[in-house]
Amino acid sequence: MRNFDLSLMYVTDDRITDDVAFFAMLEAALKGGATIIQLREKERDTLSFYQRAMRTKERCALYDIPLIINDRLDIALAVDADGVHIGQQDLPAGVTRKLLGKDKIIGLSVSNRLQAQEANALDVDYIGISPIFATSTKREDLELPLGMEGLRAIRKIYTKAITSIGGVHAGNVAEIMRNGSDGIAVVSAISKADDPELATQQLKEIICQTGFKT
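Residues numbered from 1 in each chain as written. Predicted model: local features only at pLDDT ≥ 70, side-chain atom pairs only at ≥ 80, totals over all residues. Heavy atoms only, no water.

**Q** Can you break down the overall build of the protein residue by residue, with the values?
**A** Scanning the protein from terminus to terminus reveals nine helices and eight strands. Taken against the 2.2 N^0.38 rule, which gives 17 Å for 214 residues, the C-alpha radius of gyration of the protein at 16 Å falls within 12% of a compact globule. Based on the C-alpha atoms only, the size of the protein along its principal axes is roughly 40 × 40 × 35 Å. Buried positions account for 51% of the 214 residues belonging to the protein. A sequence separation of at least 24 residues applies to 59% of the contacts in the protein between residues at least 6 apart. Put simply, the protein shows about 9900 Å² of open surface, and 50% of that area lies on carbon and sulfur atoms. (Helix = DSSP H or I, 4+ residues; strand = E, 2+ residues; numbered from the N terminus. Rg over C-alpha atoms; globule rule 2.2 N^0.38 Å. Buried < 20%, exposed > 50% of the residue type's maximum accessible area, 1.4 Å probe, protein only. Contact = heavy atoms within 4.5 Å. Areas by Shrake-Rupley, 256 points an atom, 1.4 Å probe, with all protein chains shown as cover.)

This is how it looks when you write it as structure tokens:
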């Protein structure tokens, strides 16, 4: 595969434990124009993660939208997902590529310039700058926010695609895109919205208005 649109990634909200609510939210994001879905489940056991991943893949396939799995290479392989997003403490990118195959998407989280520089030598398709702004969505062990200065610095260093996650919302998307990000990854901007489908549409409109063609 490895030909994908990174502009608007919806990272599923693992705080939504009820399947009916979870898949309604996923459907809203897909209808609203999300260009890639990342399934993230930090607390779910392997079997229920697999089951949710299978259902998520089925929904994504209806919209011809790629599904990548956060961290869990075993789940990505089990459901034949389109790729995986790994962190600095997960399996090395080279091992992940060998196991996953050359046609799948691999994303890598980076939180500083050194990690971005090192990523140039790795067989990954994009890096995710995390966090770009402060956020309460993820774990407490995150690095300090990189901000626009950090994004600009990494854009000069890293040669492939960049997405930005952490505290991203409609009010700062344009700034993020103008400063060198190829896309955004959001959780709460969609999952906590009063109208998730409309919120997704609005995010995509801003992305298009800043010159990124989806």
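Further notes follow.
**Q** So what's going on with a nonpolar patch on the surface? Which residues, and what values?
**A** Side chains of Leu77, Leu91, Val95 and Leu99 sit close together on the surface and give an oily, nonpolar patch of about 330 Å² of accessible area. Take leucine 91: it is sitting in the loop between strand S4 (83–86) and helix H4 (93–100). (Patch = residues over 30% accessible without salt bridge, like charges linked within 9 Å, V, L, I, M, F, W, Y side chains within 5 Å. Salt bridge = Lys/Arg side-chain N within 4 Å of Asp/Glu carboxyl O.)

**Q** Describe the state of the cysteines, and please don't skip the residues or the numbers.
**A** The full count for this structure, using the stated rule, is zero disulfides. A disulfide-free cysteine, cysteine 60 has its sulfur positioned 19 Å from the sulfur of cysteine 208, the nearest such atom. You can call cysteine 60 buried: its relative accessible area is 1%. (Disulfide = S-S within 2.5 Å.)

**Q** Please give an account of the packing of aromatic side chains that cites residues and values.
**A** Considering all chains together, one arrives at two aromatic pairs under this definition. Aromatic pair phenylalanine 22 and phenylalanine 23: ring centres 5.0 Å apart, planes at 80 degrees, arrangement edge-to-face. Judged by relative accessible area, which is 9%, phenylalanine 23 ranks as buried. Residue placement shows arginine 52 over the ring face of phenylalanine 22; its charged tip is 3.8 Å from the ring centre. (Phe/Tyr/Trp six-rings, centres within 6.5 Å; stacked < 30°, edge-to-face > 60°. Lys NZ or Arg CZ within 6 Å of the ring centre and 35° of its normal.)

**Q** Lay out the nonpolar core with the relevant residues and their values.
**A** Of all hydrophobic cores here, the largest spans 54 residues; its most connected members are Ile37, Ile69 and Ile184. With six residues, the top contributor of residues to this core is helix H1 (residues 19–32). Setting aside residues up to four positions removed in sequence, isoleucine 37 forms contacts with Tyr10, Thr12, Leu26, Leu30, Thr56, Cys60, Ile65, Pro66, Leu67 and Ile68. (Core = buried A, V, L, I, M, F, W, Y, C linked by side-chain atoms within 4.5 Å.)

**Q** With reference to specific residues and values, describe the pattern of salt bridges.
**A** Side chains bearing opposite charge may pair, as long as their charged atoms lie close to each other. A complete count under the given rule lists 13 salt bridges for this structure. In this structure, glutamate 27 and arginine 59 form a salt bridge, with 2.7 Å as the shortest nitrogen-oxygen distance. Taken together, the residues glutamate 27 in helix H1 and arginine 59 in helix H2 (residues 46–62) connect sequence positions 32 residues apart. The class of glutamate 27 is buried, set by a relative accessible area of 18%. Note that lysine 102 is salt-bridged to aspartate 103, the shortest N-O span being 3.3 Å. Residue lysine 102 is classed as exposed on the basis of its relative accessible area, which comes to 61%.

**Q** Could you give an account of H4, with specific residues and numbers?
**A** Side chains that are three or four residues apart share a direction in an α-helix, a result of its 3.6 residues per turn. Along H4, the residues classified as buried are Ala93, Thr96, Arg97 and Leu100. Seen end-on, H4 carries its buried residues on one side only, within an arc spanning 100 degrees. Opposite the buried face of H4, by more than 90 degrees, sit the exposed residues Gly94 and Lys98. Its buried side turned inward, H4 meets helix H3 (73–79), S4 and strand S5 (105–110). Following H4 by one or two positions, glycine 101 adopts a phi angle in the positive range, close to 110 degrees. (Arc of directions from axis to C-beta.)

**Q** Can you explain the sheet that holds strand S3 (residues 67–70)? Please cite residues and give values.
**A** If you walk around this closed barrel you meet the eight strands as S1-S2-S3-S4-S5-S6-S7-S8, and the pairing is parallel. Between one strand and the next, the sheet's axes are offset by a mean angle of 25 degrees, whatever the strand orientation. Sheet topology note: the strand S1 (residues 8–11)/strand S2 (residues 36–39) ladder contains three bridges and is parallel. Directly across from valine 11, in S2, lies its bridge partner glutamine 38. This element, helix H6 (residues 147–157), spans strand S6 (126–129) and strand S7 (161–165) of the sheet and lies at about 165 degrees to S7. (Pairing = 2+ DSSP bridges. Axes fitted to C-alpha atoms, helices over the stretch in contact; angles between N-to-C directions.)

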